[in-house]
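# Observations on chain architecture
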Amino acid sequence: MCGRYANALSARQLTESFAARDETDGVQPNFNVSPTNIAPVVVIPSEGPLAGARLRTARWGLVPSWARDVAIGNRLINARAETVATKPAFRAALRARRCLVPATGYYEWHRADGARRGQPYLVRPADDTPAGLAGLYEVWHPPSGGVLATFTVITTTAAGGLEFLHPRSPVLLPQASWSRWLDPCVNDPEAVTGMLGPAPAGMLRAYPVSSRVGNVRNNDPHLLDPVVV
DNA sequence: CCAGACGTTGTT
DNA sequence: GTCTGG
DNA sequence: CCAGACGTTGTT
DNA sequence: GTCTGG
């Protein structure tokens, strides 16, 4: 699944990699993105005079428009590709508010039989290019006023070769399908769910990293470093 | 009809 | 907002 | 996802 | 054991 990830790129690097206009006020790299964190996402708004992709920030954990409490989003950090088109919390966003979640890689905890704690791994593209995770975003109006953008990461069956780690993986969209995934004119659920397959074997590599990543207060580039276990 | 839920993952 | 359960 | 809290009363 | 916060 996907409950923690890293984004090592600056706002400037993200705008180049994703061909997006920066609307974030210069978001910083985050090597330990956890649920409820504000993180950059790439979207194409369906309204407005300017065409093209934008880099914006949103809170991880999708809060549906009808929610009364932001805490609902704490458990909606992932959406299953198999059911996202029909779930009340996600289907509106699937039609109209898809996004890319830029990631250097995501963390997976591998718990051996009977082990108390899992060994964290970093899973990242084998060629070290930035990943675009398939995401959905939503705009929520808190009772107290204001507006909050939130997002979730879509999961599917494990990517090729990563079955040993976990039965699920986040969807990594190939660069060739980024623009179609984001295109707000595409609103046929079947057309978009068709893009949500597992990555083929060889596309990703996974290696153990420091258990320091478990504590959300730790956030530095060395969290990406391989360790020997 | 109204009231209340609306989700994922993993573990048992 | 929309569906499910009573 | 993991880490850390998890309660009440009364007093300041 | 289970929930909340990050």
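Description of the structure in this document. (Residues numbered from 1 in each chain as written. Chains lettered and ligands numbered in written order. Predicted model: local features only at pLDDT ≥ 70, side-chain atom pairs only at ≥ 80, totals over all residues. Heavy atoms only, no water.)

So, on to the sheet that holds strand β3 (residues 30-33). Hydrogen bonds between backbone atoms are what pair the strands of a sheet, whose relative direction is either parallel or antiparallel. The five strands lie next to each other as β3-β1-β8-β9-β14, forming an open sheet whose pairing is antiparallel. Edge positions in the sheet fall to β3 and β14 (204-208), since each of these pairs with one other strand and no more. Going from strand to strand, the sheet's axes swing by 25° on average, the running direction of each strand aside. Across five bridges, the pairing between strand β8 (residues 105-110) and strand β9 (residues 119-125) is antiparallel. When the sheet's bridge partners are listed, Y106 is paired in β9 with V123. (Pairing = 2+ DSSP bridges. Helix = DSSP H or I, 4+ residues; strand = E, 2+ residues; numbered from the N terminus. Axes fitted to C-alpha atoms, helices over the stretch in contact; angles between N-to-C directions.)

So, about the packing of aromatic side chains. According to the stated counting rule, one finds five aromatic pairs in the structure shown. On the numbers, 6.4 Å between centres and 50° between planes, the contact of Y107 with W109 is tilted. For Y107, a relative accessible area of 1% translates into the label buried. Each ring, one from Y121 and one from F164, has its centre 6.0 Å from the other, and the planes form 75°; the classification is edge-to-face. With Y121 in strand β9 and F164 in the loop between β11 (148-157) and β12 (168-170), this residue pair connects regions lying 43 residues apart in the sequence. Residue class for F164 comes out partly exposed when judged on its relative accessible area of 45%. Grouping aromatic residues by their ring pairs yields a cluster made of Y5, W60 and F151. Taking the ring centre of W181 as reference, the NZ or CZ of R98 above it sits at 5.6 Å. (Phe/Tyr/Trp six-rings, centres within 6.5 Å; stacked < 30°, edge-to-face > 60°. Buried < 20%, exposed > 50% of the residue type's maximum accessible area, 1.4 Å probe, protein only. Lys NZ or Arg CZ within 6 Å of the ring centre and 35° of its normal.)

Turning to the side chain of S169, a few remarks are in order. Note on placement: S169 falls in strand β12. S169 sits in the buried class, given a relative accessible area of 2%. A polar side-chain atom of S169 sits 3.0 Å from the main-chain amide nitrogen of A159. The residues touching S169, leaving out its near neighbours within four places in the chain, are M1, Y106, I154, T155, T156, T157, A158 and A159. (Polar contact = N/O pair within 3.5 Å; in protein donor to acceptor, adjacent residues only side chain to side chain. Contact = heavy atoms within 4.5 Å.)

Grouped together as the largest cluster of nonpolar side chains are 31 residues, with contacts concentrated most on L136, I154 and W181. Of all the elements in the fold, those that place two or more residues in this core are α1 (11-18), β5 (53-60), α2 (91-96), β10 (131-140) and α3 (178-182). Dropping the residues within four chain positions of it, W181 is found in contact with L94, R98, C99, L100, A134, G135, L136, I154, L173, V192, M195 and L196. Y5, V41, V43 and I77 belong to the second-largest nonpolar core, a separate cluster that totals 26 residues. (Core = buried A, V, L, I, M, F, W, Y, C linked by side-chain atoms within 4.5 Å.)

This part covers the protein's contact with DNA strand E. Residues in close proximity to DNA strand E include R4, S34, P35, T36 and V216, which together make up its full environment. For DNA strand E, the backbone makes up 8% of the atoms found within 4 Å of the protein, where backbone means sugar plus phosphate. Separating a base nitrogen of DNA strand E from a side-chain N or O atom of R4 is a distance of 3.4 Å. Classifying every residue of the surface near DNA strand E by side-chain character gives two nonpolar, two polar and one charged. (Near = heavy atom within 4 Å. Nonpolar A, V, L, I, M, F, W, Y, C, P; charged D, E, K, R; others polar.)

The next subject is the pairing of strand β7 (residues 98-103). Counting buried positions along β7 gives six out of six residues, so the element sits mostly inside the fold. Burial of the side chains of β7 extends over both faces: R98, L100 and P102 are buried on one face and C99, V101 and A103 on the other.

What follows concerns the pairing of β9. Consecutive side chains along a regular strand alternate between the two faces of the sheet. Across the seven residues of β9, six count as buried, placing the element largely inside the fold. Pairing between β9 and β14: five bridges, direction antiparallel. Each residue of the ladder has a partner; that of V123, found in β14, is A206.

Position of R124 among the secondary structure elements: in strand β9. Within the local environment of R124, its side chain forms a polar contact with the side chain of D128, the two groups lying 3.5 Å apart.

Turning our attention to the environment of E16. With respect to the helices, strands and loops of the structure, E16 is situated in helix α1. For E16 and N37, which are 21 residues apart along the polypeptide, the C-alpha to C-alpha distance reads 23 Å.

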